[in-house]
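# Reading the structure
Here is how the chains run, residue by residue.
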Amino acid sequence: MYTRLNQAQPYALALFRIVVGLLFACHGAASLFGVLGGAMGGGSIPAGTWPGWYAAVIQLVGGGLVVLGLGTRIAALVASGSMAYAYFKVHQPEALFPLENGGEPSAVYCWAFLLLVFTGPGALALDRLFTPRSTAGSEQDRAPEPSTPVAA
């Protein structure tokens, strides 16, 4: 069973990346263009408004890059940082815990994107087209063999 789960791991990670990136991009599109219900109940954020408009651009562009798996780790790092900023500057001053201050989406997105920074994009990512793959038998990929004591 574990063997099959391990074989499916890159595809499960890709599905996670695609879903999280798409949801994040939808937040940006709603805020920038007023689609999907708009920003906070309707409408769009005026261009250049700090920090909302800039956050929406990060959401749309970063989410799109994560969906495509293009520059995934960098895009996820920027997205994670923007959500950490949103949590600590907007939500945390209202109350300590995310359930109390309405910051659950910011906290979850922050940690989800931080996970992608460390795991990478998984399967089905455009990143794989641009990064060279090393051969399995190269000297750099092999772990050093443990030294064995010589019998006297």
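For the structure, see preceding data.
Here's a quick rundown of the structure. What you see is a predicted model; the values in this text were computed from it and never measured.

### A few points about the nonpolar core
One finds Phe24, Met83, Tyr109, Phe113 and Leu116 to be the most contacted residues of the largest nonpolar core, which totals 15 residues. Residue assignment for this core shows that the elements contributing at least two residues are helix H1 (2-33), helix H3 (72-91) and helix H5 (104-119). Aside from chain neighbours lying at most four places away, what touches Met83 is Phe24, Gln59, Ser106, Tyr109 and Cys110.

### Observations concerning the side chain of Gln59
With respect to the helices and strands, Gln59 occurs in helix H2 (residues 52-68). You can call Gln59 buried: its relative accessible area is 12%. Side-chain polar atoms of Gln59 contact the backbone nitrogen of Gly28, separated by 3.3 Å. If sequence neighbours within four positions are ignored, Gln59 has contacts with Phe24, Ala25, His27, Gly28, Ser31, Gly64 and Met83.

### Section: the layout of surface pockets
Size it by volume and the largest pocket reaches roughly 690 Å³. Contributing to the lining of the largest pocket are 27 residues, with Met40, Ala55, Gln59, Met83 and Ala86 lying nearest its centre. Of all elements in the fold, only H1, H2, H3 and H5 reach the threshold of two or more residues within the lining of the largest pocket. A breakdown of the residues in the lining of the largest pocket according to their chemical character gives 17 nonpolar, ten polar and no charged.

### Side note on H3
Counting along an α-helix, one turn takes 3.6 residues, and residues three or four places apart therefore face a common direction. With 20 residues, H3 should cover 28 Å at 1.5 Å per step; its first-to-last C-alpha distance of 27 Å lies within 8% of that length. All of the buried residues along H3 are Thr72, Ala75, Ala76, Ala79, Ser80, Ser82, Met83, Ala86, Tyr87 and His91. Relative to the axis of H3, the buried residues are bounded by an arc of 165° and lie together on one face. Those residues of H3 that are exposed and aimed more than 90 degrees away from the buried face are Ile74, Phe88 and Lys89.

### So, the packing of H1 against H5
When two helices pack together, their arrangement is captured by the angle between the axes and the distance separating the axes. H5 packs onto H1 with a crossing angle of 135° between their chain directions and a minimal axis gap of 11 Å. Relative to H5, the element H1 lies oblique. Crossing angle aside, the handedness with which H1 passes H5 is left-handed. Between H1 and H5, the contacting residues are Leu13, Phe16, Arg17, Val20, Leu23, Phe24 and His27 on the first element and Tyr109, Ala112, Phe113, Leu115, Leu116 and Thr119 on the second. Of the residues that constitute the contact of H1 with H5, the class distribution is ten nonpolar, two polar and one charged.

### Focus: a nonpolar patch on the surface
A cluster of nonpolar side chains, contributed by Leu68, Leu126, Leu129 and Phe130, occupies part of the molecular surface with about 430 Å² of accessible area. Mapped onto the fold, Leu129 is located in helix H6 (residues 127-130).

### Looking at H1
Relative to the 46 Å expected for 32 residues at 1.5 Å per residue, H1 spans 45 Å between its end C-alpha atoms, a close match to the ideal helical length. For H1, the principal kink sits at Gln9 and spans about 45°; a proline, Pro10, occurs within the next four residues. When H1 is considered as a whole, its buried residues turn out to be Leu13, Ala14, Arg17, Val20, Gly21, Phe24, Ala25, Gly28, Ala29, Ala30, Ser31 and Leu32. Lining the buried residues of H1 we find H2, H3 and H5. Two residues or fewer after H1 comes Gly34, characterised by a positive phi angle close to 75°.

The rules behind the values
- Residues numbered from 1 in each chain as written.
- Predicted model: local features only at pLDDT ≥ 70, side-chain atom pairs only at ≥ 80, totals over all residues.
- Heavy atoms only, no water.
- Core = buried A, V, L, I, M, F, W, Y, C linked by side-chain atoms within 4.5 Å.
- Buried < 20%, exposed > 50% of the residue type's maximum accessible area, 1.4 Å probe, protein only.
- Helix = DSSP H or I, 4+ residues; strand = E, 2+ residues; numbered from the N terminus.
- Contact = heavy atoms within 4.5 Å.
- Polar contact = N/O pair within 3.5 Å; in protein donor to acceptor, adjacent residues only side chain to side chain.
- 1 Å grid on protein atoms, 1.4 Å probe; cavity = no way out; pocket = protein on both sides within 12 Å on 5 of 7 lines; lining within 4 Å.
- Points joined across faces, edges and corners; volume = space filled by probe spheres on them.
- Nonpolar A, V, L, I, M, F, W, Y, C, P; charged D, E, K, R; others polar.
- Expected span 1.5 Å × (residues − 1).
- Arc of directions from axis to C-beta.
- Axes fitted to C-alpha atoms, helices over the stretch in contact; angles between N-to-C directions.
- Parallel < 35°, antiparallel > 145°, perpendicular 65-115°, else oblique.
- Left-handed = near helix turned anticlockwise from the far one by under 90°.
- Patch = residues over 30% accessible without salt bridge, like charges linked within 9 Å, V, L, I, M, F, W, Y side chains within 5 Å.
- Areas by Shrake-Rupley, 256 points an atom, 1.4 Å probe, with all protein chains shown as cover.
- Salt bridge = Lys/Arg side-chain N within 4 Å of Asp/Glu carboxyl O.
- Bend = angle between axes of the 7 residues up to and from the residue.

All quantities given are derived from atomic positions and should not be read as evidence of function.
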